[in-house]
Amino acid sequence: MTQAYSDPDRESDPYSLPDVEVFYAEAGEIESDDPFAEGDDRFLPAGWYWWTCLPGCLPDSDPSGPFDTEAEALAAAQDE
């Protein structure tokens, strides 16, 4: 898991904290938020994901992804 800044310019600010986590999840580790999904469709596929999250806190958003690489997931988080 990698913690990063959604706005890279804030990284030099001594009073800001990373607000994005990028992580890899295997197939079946993350459950979909679709209430009508059944069977294998209830789980998200393997890949890199990101969500908003301050250090030491629970996530503030649903996972976004999957992405093929960690760099792609981080770029998507910073484009958001």
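By convention here, each chain's residues receive numbers from 1 onward along its written sequence. A pLDDT threshold of at least 70 governs which residues receive local features in this predicted model, and a stricter bar of 80 or more applies before side-chain atom pairs are shown or counted, although totals over entire chains, interfaces and linings include all residues. Calculation of side-chain values draws on the structure's entire complement of heavy atoms; hydrogens and water are dropped beforehand.

Would you mind showing me how to read the sheet that holds strand β1 (residues 2-4) here?
Two strands make a pair as long as DSSP finds a minimum of two bridges between them. Helix numbers and strand numbers start at the N terminus; a helix is a DSSP run of H or I with at least 4 residues, a strand a run of E with at least 2. Taken in spatial order, the 4 strands line up as β1-β2-β3-β4 in an open sheet, and their pairing is antiparallel. Two strands bound the open sheet, and with one partner strand each, they are β1 and β4 (64-67). Strand after strand, the sheet turns through a mean of 25° between neighbouring axes, direction not considered. As judged from the 2 bridges shared by strand β3 (residues 47-52) and β4, these two strands associate in the antiparallel manner. By the bridge assignment for β4, Trp50 is matched with Ser64. Residue contacts are counted whenever heavy atoms from the two residues lie within 4.5 Å of one another. Think of each axis as a best-fit line through the C-alpha atoms, taken over the contacting stretch in the case of a helix, with angles from 0 to 180 degrees between the N-to-C directions. Packed onto the sheet, helix α1 (residues 70-79) meets β1, β2 (20-25), β3 and β4 and runs at close to 25° relative to β3.

Just checking my understanding: could you explain a negative patch on the surface for this structure?
By definition, no residue in a patch forms a salt bridge, and every one has over 30% relative accessible area; like charges are joined within 9 Å, nonpolar side chains (Val, Leu, Ile, Met, Phe, Trp, Tyr) within 5 Å. Each accessible area value is a Shrake-Rupley result obtained with a 1.4 Å probe; residue values ignore everything except the protein chains displayed when judging cover. The working definition used for a salt bridge is a side-chain nitrogen of Lys or Arg within 4 Å of a carboxyl oxygen of Asp or Glu. Working convention for charge: Lys and Arg count positive, Asp and Glu count negative, and His plus the chain ends are omitted. Where a charge lies is defined by one atom per residue type, namely NZ (Lys), CZ (Arg), CG (Asp) and CD (Glu). Taken together, Asp33, Asp34, Glu38, Asp40, Asp41 and Asp62 make up a surface patch of like negative charges. With respect to the secondary-structure elements, Asp62 resides in the loop between β3 and β4. For Asp62, a relative accessible area of 48% corresponds to the partly exposed category. Only protein chains enter the accessibility calculation, which uses a 1.4 Å probe. A residue is then buried if its area is under 20% of the maximum for its type, exposed if over 50%, and partly exposed in between.

I'm lost on the pattern of salt bridges in this one. Help?
Side chains that carry opposite charge are capable of pairing whenever their charged atoms lie near each other. Inspection of every chain in the model, using the stated rule, returns 1 salt bridge. A salt bridge links Arg42 to Glu31, with the nearest nitrogen and oxygen atoms 3.4 Å apart. With Arg42 in the loop between β2 and β3 and Glu31 in the loop between β2 and β3, the pair connects residues that are 11 residues apart, well separated along the chain. Under the relative-accessibility criterion, Arg42 is labelled partly exposed at 33%. On the basis of relative accessibility, which here comes to 48%, the residue Glu31 falls in the partly exposed class.

Quick question: what am I supposed to make of the state of the cysteines here?
A disulfide bridge is the covalent bond that connects two cysteines by way of their sulfur atoms. Here, the term disulfide refers to a pair of cysteine sulfur atoms separated by no more than 2.5 Å. Scanning all chains against the criterion turns up 0 disulfides. Among the cysteines around Cys53, which has no disulfide bond, Cys57 carries the closest sulfur, lying 6.4 Å off. When its relative accessible area of 1% is taken as the criterion, Cys53 is described as buried.

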